[in-house]
Amino acid sequence: MVLPENIDEIICDPRTYGDEEAYHRAFAALRENDPVHWAEPRAYRPFWAVTRHEDIQRVEMDAAHFANEPRQFLVTKTDEEMLLMTTGSRNFAYNLVAMDNPDHRQYRGLTASWFGPKQVRALEEEIRHLARETVDKLIETGSPCDFAKDIAAWYPLRTIMLVLGVPREDEPMMLALSQKVFGSTDVDTGGGDGMTSMMEAKTEFCAYFDKLTADRRQNPRNDVATLLATAMINDEPMQEGPRNDYYLIVAAAGHDTTSSAISGGLLALLRNPGELQKLRENRDLLPNAIEEFIRWTTPVKHFFRTALADCEVGGKAIAKGDALMMCYPSANRDTAVFEDPFAFRIDRPEAKKHLAFGYGPHTCLGNNLAKLEIRLLFEEILDRIDTIELAGDPAWIEANFVSGLKRLPIAFSAR
Ligand code: HEM
């Protein structure tokens, strides 16, 4: 496979991510020809694109040498300048994904008690109830419908709002705002004007979270909002900036990602009816199938690290201060780890080795919650939906950071 001349533009262009084959083709060419590749795209500061599973895992494990500060995801040079002028920092937010130790350990520790496997299992009945309601809604909506927009966009949102403690009537606003943050380059979801749209959404989020904080300080409850409203850092109440950035990451990171895995997992089952049949015949395959949905869809397309010293990655000399882009979809199609990686197999023994949740100290905080949500929804679907098929062309969000299906037309019959 030949490396296209404009590969640096291809891997940054949001439109590439609106076409599954296009980005997988680009990453396959990189893995084959130049797995740790120096990219100099026109609109972005240069970086190393790291495309092999082994190299990404190694960099993510080694937080002492590869920092999250100061660059987390692709932001155009123009938008970085704009951020620098308006906020004094090139960072969109100072939250867990922007932090290194000692802050990272301290801030992550605050909510760890809500997101560990045991704690998440305690939420199972409440989330099962939401999964039931979601399938009720599917049946009420009727066949055909747009599973991505009408169903999958709402259920993870509802779940994370339950954990946060945000009332239901505020959910449409939360959905619109977080789509503005993550889908900000896609005209159908974010509005298409990049950082301006993200900053507007952030201002609205912060106004909302300030009110929520005031309320929870007066009326504490058993929810993450109360925890963040009353959290102490170095024996002082957490400051307003990091507090709002924390709400923002929990509220926004928790649903577009999960809904992409749900819709994309369903699409993969519909395109591989033999796999759906296997699942119908053996429910015990579901936990492994979910790992395969997540590997297959890889909703988060990258995160960055910055080298703290001169070093070597995959045979390339990396200089202190160089940025590295961890290309997760690429890791998840690496033949060194996944046999026949472009085949969707729910019983793939190595499915769990995917890097869709990242790796090491920054591994997705919500991974247990995401997997539980997906399992409970698919249990309901398998129990109550008899036949299900594709009823039109699916479409993907054009965004280079977090993306997935924005349209999934299906036809179905309920039992
Ligand atoms: C299928 C669904 C999801 C995917 C694919 C996903 C993916 C990711 C990835 C790739 C990272 C960065 C990891 C790294 O740098 O090594 C991350 C971090 C994070 N995720 Fe998720 N995520 C998902 C669901 C959720 C949910 C449900 C929550 C809800 C709380 C959440 C909250 C977070 C937070 C707070 C971080 C930052 C962790 C840190 O830096 O310490 N995510 N996620």
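Residues numbered from 1 in each chain as written. Predicted model: local features only at pLDDT ≥ 70, side-chain atom pairs only at ≥ 80, totals over all residues. Heavy atoms only, no water.

(A) Broad picture of the packing of helix H16 (residues 286–297) against helix H18 (residues 367–384). At a closest axis distance of 10 Å, the pairing of H16 and H18 adopts a crossing angle of 115°. Remark: the crossing between H16 and H18 carries right-handed chirality. Residue-level inspection shows Leu286, Ile290, Glu291, Phe293 and Ile294 of H16 in contact with H18, the latter providing Lys371, Ile374, Arg375, Phe378 and Glu379. Considered class by class, the residues forming the contact of H16 with H18 number six nonpolar, no polar and four charged. (Axes fitted to C-alpha atoms, helices over the stretch in contact; angles between N-to-C directions. Helix = DSSP H or I, 4+ residues; strand = E, 2+ residues; numbered from the N terminus. Left-handed = near helix turned anticlockwise from the far one by under 90°. Contact = heavy atoms within 4.5 Å. Nonpolar A, V, L, I, M, F, W, Y, C, P; charged D, E, K, R; others polar.)

(B) Quick look at the coordination of the iron atom of the ligand. Looking at the iron atom of the ligand, one finds just one donor atom contributed by the protein, Cys364 (SG), at 2.3 Å. Along the polypeptide, cysteine 364 turns up in the loop between helix H17 (328–331) and H18. (Donors = N, O, S within 2.8 Å, 3.2 Å for Na, K, Ca; no water.)

(C) Spatial organisation of the state of the cysteines. Inspection of the entire model under this criterion finds zero disulfides. Cysteine cysteine 311 shares no disulfide, and the gap to the nearest cysteine sulfur, in cysteine 327, comes to 16 Å. Judged by relative accessible area, which is 22%, cysteine 311 ranks as partly exposed. (Disulfide = S-S within 2.5 Å. Buried < 20%, exposed > 50% of the residue type's maximum accessible area, 1.4 Å probe, protein only.)

(D) The arrangement of the sheet that holds strand E14 (residues 409–414) in detail. Taken in spatial order, the three strands line up as E4-E14-E11 in an open sheet, and their pairing is antiparallel. If you trace the sheet from one side to the other, it starts and ends with strand E4 (145–146) and strand E11 (385–390), each paired once. By the bridge criterion, two bridges tie E4 to E14 in an arrangement that is antiparallel. Across the sheet, residue cysteine 145 finds its bridge partner in E14, namely isoleucine 410. This element, helix H7 (residues 124–141), spans E4, E11 and E14 of the sheet and lies at about 100° to E14. Of the strands in this sheet, E11 and E14 touch helix H14 (residues 256–271), which is tilted by about 85° from E11. (Pairing = 2+ DSSP bridges.)

(E) Inspection of the pairing of strand E2 (residues 47–50) at higher detail. Covered by surrounding structure in E2 are Phe47 and Ala49 together with Trp48 and Val50, the residues of both alternating faces. Looking at chain direction, strand E1 (residues 36–39) and E2 are connected through four bridges and run antiparallel. Bridge pairing links tryptophan 38 to tryptophan 48 in E2. Across three bridges, the pairing between E2 and strand E10 (residues 323–327) is parallel. The residue of E10 that forms the bridge with tryptophan 48 is leucine 324.

(F) How the structure looks around the environment of leucine 355. Turning to its location among the elements, leucine 355 is positioned in the loop between H17 and H18. Distance in space between the C-alpha atoms of leucine 355 and isoleucine 294 is 9.1 Å, their sequence separation being 61 residues. Once residues within four sequence positions are removed from consideration, leucine 355 is found in contact with His53, Ile56, Gln57, Tyr328, Ala331 and Asn332.

(G) Fine view of the site of the ligand. Every one of the 27 residues lining the ligand counts as a neighbour, but Glu60, His104, Arg108, His362 and Cys364 are closest to it. A distance of 2.6 Å separates an oxygen atom of the ligand from a polar atom in the side chain of histidine 104. Contacts to the ligand include arginine 108, whose side-chain N or O atom sits 2.7 Å from an oxygen atom. Elements supplying a minimum of two residues to the shell around the ligand: helix H5 (103–115), helix H13 (240–253), H14 and strand E7 (302–307). Here the shell around the ligand gets three residues from one element, more than from any other, and that element is H5. (Near = heavy atom within 4 Å. Polar contact = N/O pair within 3.5 Å; in protein donor to acceptor, adjacent residues only side chain to side chain.)

(H) Highlighting the pairing of E14. Here E11 runs beside E14; their pairing, made up of five bridges, is antiparallel. Bridge assignment links threonine 387 to a residue of E14, and that residue is serine 413.

(I) The arrangement of the pattern of salt bridges in detail. In total, this model carries 30 salt bridges according to the counting rule given. Across the pair glutamate 379 and arginine 128 runs a salt bridge whose closest N-O atoms are separated by 3.1 Å. Note that glutamate 379 is positioned in helix H18 and arginine 128 in helix H7, a separation of 251 residues in sequence. The salt bridge involving glutamate 275 is made with lysine 278; its shortest N-O contact spans 3.0 Å. Of this pair, glutamate 275 and lysine 278 are both found in helix H15 (residues 273–281), three residues apart, which corresponds to roughly one turn of the helix. Note on lysine 278: relative accessible area 27%, which makes it partly exposed. A cluster of three or more residues bridged by salt bridges with shared partners is formed by Glu124, Glu125, Arg128, Arg375 and Glu379. (Salt bridge = Lys/Arg side-chain N within 4 Å of Asp/Glu carboxyl O.)

(J) Inspection of empty space enclosed by the protein at higher detail. Inspection of the entire model under this criterion finds five cavities of 30 Å³ or more. Estimates place the volume of the largest cavity at around 850 Å³. What lines the largest cavity is a set of 48 residues, and nearest its centre among them are Val97, Ile249, Ala253, Phe303 and Cys364. Looking at the lining of the largest cavity, its residues break down into 32 nonpolar, 12 polar and four charged. Of the voids in this model, the second largest cavity is the one considered here, and its volume is about 70 Å³. Taken together, Arg45, Pro70, Arg71, Gln72, Phe73, Val75, Glu80, Arg90, Asn91 and Phe92 form the lining of the second largest cavity. Residues that form the lining of the second largest cavity fall into these classes: four nonpolar, two polar and four charged. (1 Å grid on protein atoms, 1.4 Å probe; cavity = no way out; pocket = protein on both sides within 12 Å on 5 of 7 lines; lining within 4 Å. Points joined across faces, edges and corners; volume = space filled by probe spheres on them.)

(K) Highlighting the sheet that holds E10. The strand order across the open sheet built from five strands is E1-E2-E10-E7-E3, with neighbouring strands paired in mixed fashion. Edge positions in the sheet fall to E1 and strand E3 (66–67), since each of these pairs with one other strand and no more.

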